[in-house]
Amino acid sequence: MIPPPPPGLRDEEEDVLVRRFRQPGQEGDEAYSELVRRYQTRVVRLVGYLLGDASEAEDVSQEAFVRAFSARDTFDRGDNFAAWIRTIATRVAFNCRRDKATRDRYHAEVEPPSATTSPAVEAEARNLLEQVLPQLSYAYREVLVLRYVEELSIGEIANMLNLGESAAKMRLSRARDEFWVLEKSRA
């Protein structure tokens, strides 16, 4: 079972890690390793819900952390590392999904959707998620996961997806409606 996410407020230890992370050399590398250890499980879970494939989630999460390391000099110390890595992971997952769709179109192969596996969700809820989420469009799946799995506010979701708050609310509302229509048709 995946432990619950840490509280949203950063502690002093994390602020020190983030400052060290931005420094070149061994000290920055060690801080980066600690940040990866702290957030890897959460990022893999997020991406797993978005993509619906556990092995792909591992790969995409690793790519997100590599990109974060490569862009560490652009990270603003005042920013929240958890939000920053989530944003990177969400964008990498979107790119992965888009690239896969392009490859499928060119190869004219249709793969059956794989089930999402997540030990963090109770058995009944996990079954529902596994059956319904893969049927949703990526945009709807993304907003539902950010709101109900990652527990982000509408403002945070809007910022992460480069939407206005009203557009984020509308997308979430439509995603919920489609989720429940699919859930009822499943029964």
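This structure is a prediction, so every number in the text was calculated from the model and none was measured.

Describing the overall build of the chain
Consideration 1: Regarding its fold elements, the chain presents eight helices and zero strands.
Consideration 2: Beginning at the N terminus, the succession of helices and strands in the chain can be written as α-α-α-α-α-α-α-α.
Consideration 3: Per-residue burial for the chain yields a buried fraction of 39% across its 187 residues.
Consideration 4: In the chain, 70% of the contacts between residues at least 6 apart in sequence involve partners at least 24 apart.

Section: the pattern of salt bridges
Consideration 1: The full count for this structure, using the stated rule, is six salt bridges.
Consideration 2: Across the salt bridge formed by R67 and E63, the nearest N and O atoms sit 2.8 Å from each other. Remark: E63 and R67 occur in helix α3 (residues 54–70); sequence separation between them is four residues, near one turn of the helix.
Consideration 3: Connected through salt bridges with shared partners, the residues E34, R37 and R38 form a single ionic network.

Quick notes on α3
Consideration 1: Taking 1.5 Å per residue as the helical rise, α3 with its 17 residues ought to reach 24 Å, and the 24 Å between its terminal C-alpha atoms agrees with that figure.
Consideration 2: Those residues of α3 lying buried are E56, A57, V60, S61, A64, F65 and A68.

A closer look at the environment of V149
Consideration 1: Tracing the backbone shows V149 in helix α6 (residues 138–149).
Consideration 2: In this structure, V149 is in contact with R45, Y49 and L144, ignoring residues within four places of it in sequence.

Quick notes on the nonpolar core
Consideration 1: Formed by 53 residues in total, the largest nonpolar core has its most connected members in F21, V47 and F81.
Consideration 2: Among the secondary structure elements, those contributing two or more residues to this core are α1 (12–21), α2 (26–51), α3, α4 (81–107), α5 (123–132), α6, α7 (154–160) and α8 (165–186).
Consideration 3: The leading source of residues in this core is α2, at twelve residues.
Consideration 4: Beyond its immediate chain neighbours, meaning those up to four positions away, V47 contacts G52, A57, V60, S61, A89 and A93.

A look at the packing of aromatic side chains
Consideration 1: Under the defined criterion, the tally for this structure stands at five aromatic pairs.
Consideration 2: A centroid spacing of 5.0 Å and a plane angle of 90° characterise the contact between F179 and W180, whose relative ring orientation is edge-to-face.
Consideration 3: Assessed through its relative accessible area of 8%, F179 is described here as buried.
Consideration 4: Through a chain of ring-to-ring contacts, three or more aromatic side chains come together here, namely Y39, F81 and W84.

Concerning unusual backbone geometry
Consideration 1: Backbone geometry at E151 places phi at a positive 55°, although glycine is not the residue there.
Consideration 2: Tracing the chain through its elements places E151 in the loop between α6 and α7.
Consideration 3: Judged by relative accessible area, which is 60%, E151 ranks as exposed.
Consideration 4: Here the phi dihedral of N162 falls at roughly 55°; this positive angle occurs in a residue that is not glycine.
Consideration 5: The residue N162 is located in the loop between α7 and α8 in this model.
Consideration 6: Since its relative accessible area comes to 60%, N162 is described here as exposed.

Let's talk about the packing of α2 against α3
Consideration 1: Here α2 crosses α3 at 140°, and the two axes come no closer than 8 Å. By the angle between their axes, α2 is oblique relative to α3. Like other packed secondary-structure pairs, α2 and α3 cross with a definite hand, here right-handed. Packed against α2, whose contacting residues are D29, Y32, V36, Y39, Q40, V43, V44, V47, G48 and L51, the element α3 presents E56, A57, E58, V60, S61, F65, V66 and F69 at the interface.
Consideration 2: Broken down by class, the residue content of the contact of α2 with α3 amounts to twelve nonpolar, three polar and three charged.

Observations concerning the packing of α2 against α6
Consideration 1: Where α2 meets α6, the closest approach of the two axes is 9 Å, and the angle between their N-to-C directions is 145°. Between α2 and α6 lies a crossing whose hand is right-handed. Counted together, R45, L46, Y49, L50 and L51 of α2 and Y138, R141, E142, V145, L146 and V149 of α6 form the full contact between these two elements.

About the cut-offs
- Residues numbered from 1 in each chain as written.
- Predicted model: local features only at pLDDT ≥ 70, side-chain atom pairs only at ≥ 80, totals over all residues.
- Heavy atoms only, no water.
- Helix = DSSP H or I, 4+ residues; strand = E, 2+ residues; numbered from the N terminus.
- Buried < 20%, exposed > 50% of the residue type's maximum accessible area, 1.4 Å probe, protein only.
- Contact = heavy atoms within 4.5 Å.
- Salt bridge = Lys/Arg side-chain N within 4 Å of Asp/Glu carboxyl O.
- Expected span 1.5 Å × (residues − 1).
- Core = buried A, V, L, I, M, F, W, Y, C linked by side-chain atoms within 4.5 Å.
- Phe/Tyr/Trp six-rings, centres within 6.5 Å; stacked < 30°, edge-to-face > 60°.
- Axes fitted to C-alpha atoms, helices over the stretch in contact; angles between N-to-C directions.
- Parallel < 35°, antiparallel > 145°, perpendicular 65-115°, else oblique.
- Left-handed = near helix turned anticlockwise from the far one by under 90°.
- Nonpolar A, V, L, I, M, F, W, Y, C, P; charged D, E, K, R; others polar.

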